[in-house]
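Summary of structural features
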Amino acid sequence: AQSVAQPEDQVNVAEGNPLTVKCTYSVSGNPYLFWYVQYPNRGLQFLLKYITGDNLVKGSYGFEAEFNKSQTSFHLKKPSALVSDSALYFCAVREGGSYIPTFGRGTSLIVHP
Amino acid sequence: GAVVSQHPSWVICKSGTSVKIECRSLDFQATTMFWYRQFPKQSLMLMATSNEGSKATYEQGVEKDKFLINHASLTLSTLTVTSAHPEDSSFYICSGGWGDGYTFGSGTRLTVV
């Protein structure tokens, strides 16, 4: 069975500071990992994914994530937060043999001016 | 990139009436479409997985007679909420499987009065 955990309901960061949104996962085989962002009353927008290859994945809007197999983590990071980054962030995972993703509960990112 | 167009963005209906939500894949063929329900400040709850030309697979606890899903073509999937009640008020999002990942519609805010 596959599962994903986002341990923080909310992350607060000052504009200009680096941000990290945490995600850990559990799968039987090789993981397919995703990050999505959701703005109020909107669908989810794709940020980045890890399928294979380099552990550091760069995505949209300056975000990146590092795949850490030993810690089964895929934390989302950005070197310098913007107020406009304030949104709900979802981590998702699926096993290689499955096509149905499992989403985390979401983390609300609040960037203060 | 892959785009899923979801309509309507919002709808208000009276109790007892039915509402249809459409999701169209504009530039790819969505063999599989996922339908989610999202409560305020909560994660996505997978309702069902639909595959073109076959019956949808509903998650446990989701009433298939109430939430009718049709995936008659590779570019169109619909969710019909039948005999809607106020407790069906929610945000509904569709997602098409594309490549290794997923692309989401913009969501439909359903309010049943």
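Heads up: the structure comes first, above all this text.
Each value, and the rule that gives it
Residues numbered from 1 in each chain as written. Chains lettered and ligands numbered in written order. Predicted model: local features only at pLDDT ≥ 70, side-chain atom pairs only at ≥ 80, totals over all residues. Heavy atoms only, no water. Disulfide = S-S within 2.5 Å. Helix = DSSP H or I, 4+ residues; strand = E, 2+ residues; numbered from the N terminus. Buried < 20%, exposed > 50% of the residue type's maximum accessible area, 1.4 Å probe, protein only. Core = buried A, V, L, I, M, F, W, Y, C linked by side-chain atoms within 4.5 Å. Contact = heavy atoms within 4.5 Å. Buried area = accessible area lost by both parts, 1.4 Å probe. Salt bridge = Lys/Arg side-chain N within 4 Å of Asp/Glu carboxyl O. Polar contact = N/O pair within 3.5 Å; in protein donor to acceptor, adjacent residues only side chain to side chain. Pairing = 2+ DSSP bridges. Axes fitted to C-alpha atoms, helices over the stretch in contact; angles between N-to-C directions.

**Points about the state of the cysteines**
All names here are of chain B. Summed over all chains, the structure comprises two disulfides over all chains. Bridging Cys23 to Cys94, the disulfide has an S-S length of 1.8 Å. Taking the sign of the S-S torsion, -95° for the link of Cys23 and Cys94, the bridge is left-handed. Linking Cys23 in strand 3 (residues 19–25) with Cys94 in strand 9 (residues 90–98), this pair joins segments that are 71 residues apart in sequence. For Cys23, a relative accessible area of 0% gives the class buried. No disulfide involves Cys13; its nearest neighbouring cysteine sulfur is the one of Cys23, lying 17 Å away.

**Thoughts on the nonpolar core**
Considering soluble globular proteins, one finds that nonpolar side chains tend to be buried as a cluster. One finds A:Trp35, A:Leu47, A:Leu48, A:Phe74, A:Leu76 and A:Tyr89 to be the most contacted residues of the largest nonpolar core, which totals 27 residues. Those elements that provide at least two residues to this core are strand 2 (10–14), strand 3 (19–21), strand 5 (31–38), strand 6 (44–50), strand 8 (64–68), strand 9 (73–78), strand 10 (87–95) and strand 12 (107–112) of chain A. Tallying contributions element by element places strand 10 of chain A first for this core, with four residues. Those residues in contact with A:Leu48, other than ones at most four positions away along the chain, are A:Leu33, A:Phe34, A:Trp35, A:Val57, A:Lys58, A:Gly59, A:Phe63, A:Glu64, A:Ala65, A:Phe74 and A:Leu76. One finds B:Phe67, B:Ile69, B:Ala84 and B:Tyr92 within the second-largest nonpolar core, a separate group that totals 25 residues.

**Remarks on the interface of chain B and chain A**
In this assembly, 22 residues from chain B lie in contact with 19 residues from chain A. Summing both sides of the interface, chain B and chain A together bury roughly 1600 Å²; the carbon and sulfur share of this comes to 57%. By the criterion of area lost to chain A, the three top residues of chain B are B:Asp100, B:Tyr102 and B:Phe104, representing 38% of everything that side buries. On the surface where chain B and chain A come into contact, there are zero salt bridges. Between the two partners, chain B and chain A, sit seven residue pairs in polar contact (both at pLDDT 80 or more). Of all elements in the fold, only strand 4 (32–38), strand 5 (44–51), strand 9 and strand 10 (101–104) of chain B reach the threshold of two or more residues within the side of chain B that touches chain A.

**Quick word on the sheet that holds strand 7 (residues 67–73) of chain B**
All names here are of chain B. Judged by pairing direction, the sheet is antiparallel, and its four strands sit side by side in the order 1-3-8-7 without closing on themselves. A strand with exactly one partner marks an edge of an open sheet, and here the two such strands are strand 1 (4–7) and strand 7. In this sheet, adjacent strand axes meet at a mean angle of 15° when their direction is disregarded. Taken together, the four bridges between strand 1 and strand 3 define a ladder with antiparallel strand orientation. Among the inter-strand pairings, Ser5 is bridged to a residue of strand 3, identified as Arg24.

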